Amino acid sequence: LGADIIQRDGLPKLDQLLSRADFLSVEGTADLQQANLKLAGDLAKLQQQLGQFLDLSGWQLAGTMAGELGWQLAPDAATVTAPGRGLQSLAWSNRLAIEQPLIGLPGQPIWTESRIELDANGTAAVDADARCSLLSGSGAVRLGAEQLQWRLTEPVVDLATAPRWAAECTLTGSLGRWLQQ
């Protein structure tokens, strides 16, 4: 792990973050206002590392992944209103691609693809009591020509206690292929 930490406007900022492990590397910049991180990893090496702590008998993971993770606080500490609460809002976005994934779970057929792409973005918020809400969200999972898109249809007021999340989903492509996976 390496980082250049500077102070800007009285607050610490990771001007350059570099973290490398056998199975994952993370590079980017981050502070309390925003972050831009790039990820790269190897699922087989991740399985090896996790196998030191967890019983993964019968599991198989392989493939390489690359992605981006980012967030940014609303300008000028803007607040938004969600069911009776003033919240500090945060916009986030994620993108991940897994090349040549192989996923095998105990007692299940092995799943392989040439590429899996995952995208998600939205707006989250934290209130004065440190409760996290998901105000909006959408995303997609793509497997070749097939795609599953989702969008929240109402806010999730408290992520820790919400009994359900209301979402709209659209699947395009061969439904039979998705059901096999």
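Located above this text is the structure these notes cover.
Procedures and definitions
Per-chain numbering applies: the sequence of each chain, read as written, is numbered from 1 onward. Where totals are concerned, whole chains, interfaces and linings use all residues; where local detail is concerned, this predicted model gives features only for residues with pLDDT of at least 70, and gives and counts side-chain atom pairs only at 80 or more. Side-chain metrics in this entry use all non-hydrogen atoms of the structure; hydrogen atoms and water are not considered. Remark: exposure states derive from per-residue accessible area (1.4 Å probe, protein chains only) relative to the maximum for the residue type, with buried under 20%, exposed over 50%, and partly exposed in between. Strands are runs of DSSP state E lasting at least two residues, helices are runs of H or I lasting at least four, and both sets are numbered from the N terminus onward. Read the arc as the range of directions from the helix axis to the C-beta atoms. Here a polar contact is taken to be a pair of N or O atoms separated by no more than 3.5 Å, where protein atoms must pair a possible hydrogen donor with a possible acceptor and residues adjacent in sequence count only if both atoms sit in side chains. Think of a salt bridge as a Lys or Arg side-chain nitrogen and an Asp or Glu carboxyl oxygen that are within 4 Å of each other.

A.B. asks: An account of helix α1 (residues 43–50) is needed here, citing residue identities and associated values.
C.D. replies: Taken as a whole, α1 has its buried residues at L43, L46 and Q47. Within α1, the buried residues cover an arc of 100° as seen down the axis, which keeps them to one side. The N-cap of α1, judged by a side-chain oxygen 2.9 Å from the amide nitrogen of A44 a few residues on, is D42.

A.B. asks: Describe the pattern of salt bridges, and please don't skip the residues or the numbers.
C.D. replies: For the coordinates displayed, the defined rule picks out seven salt bridges. When the shortest N-O distance is used, the salt bridge between R115 and E117 registers 2.8 Å. We note a salt bridge from E154 to R164, for which the minimum N-O separation is 3.3 Å. Of this pair, E154 sits in the loop between β11 (146–152) and β12 (167–172) while R164 sits in the loop between β11 and β12, placing them 10 residues apart in sequence. Taking relative accessible area as the criterion, R164 reaches 54% and is therefore assigned exposed. Among the charged side chains, a network of salt bridges with common partners joins R95, E99, R115, E117, D119 and R142.

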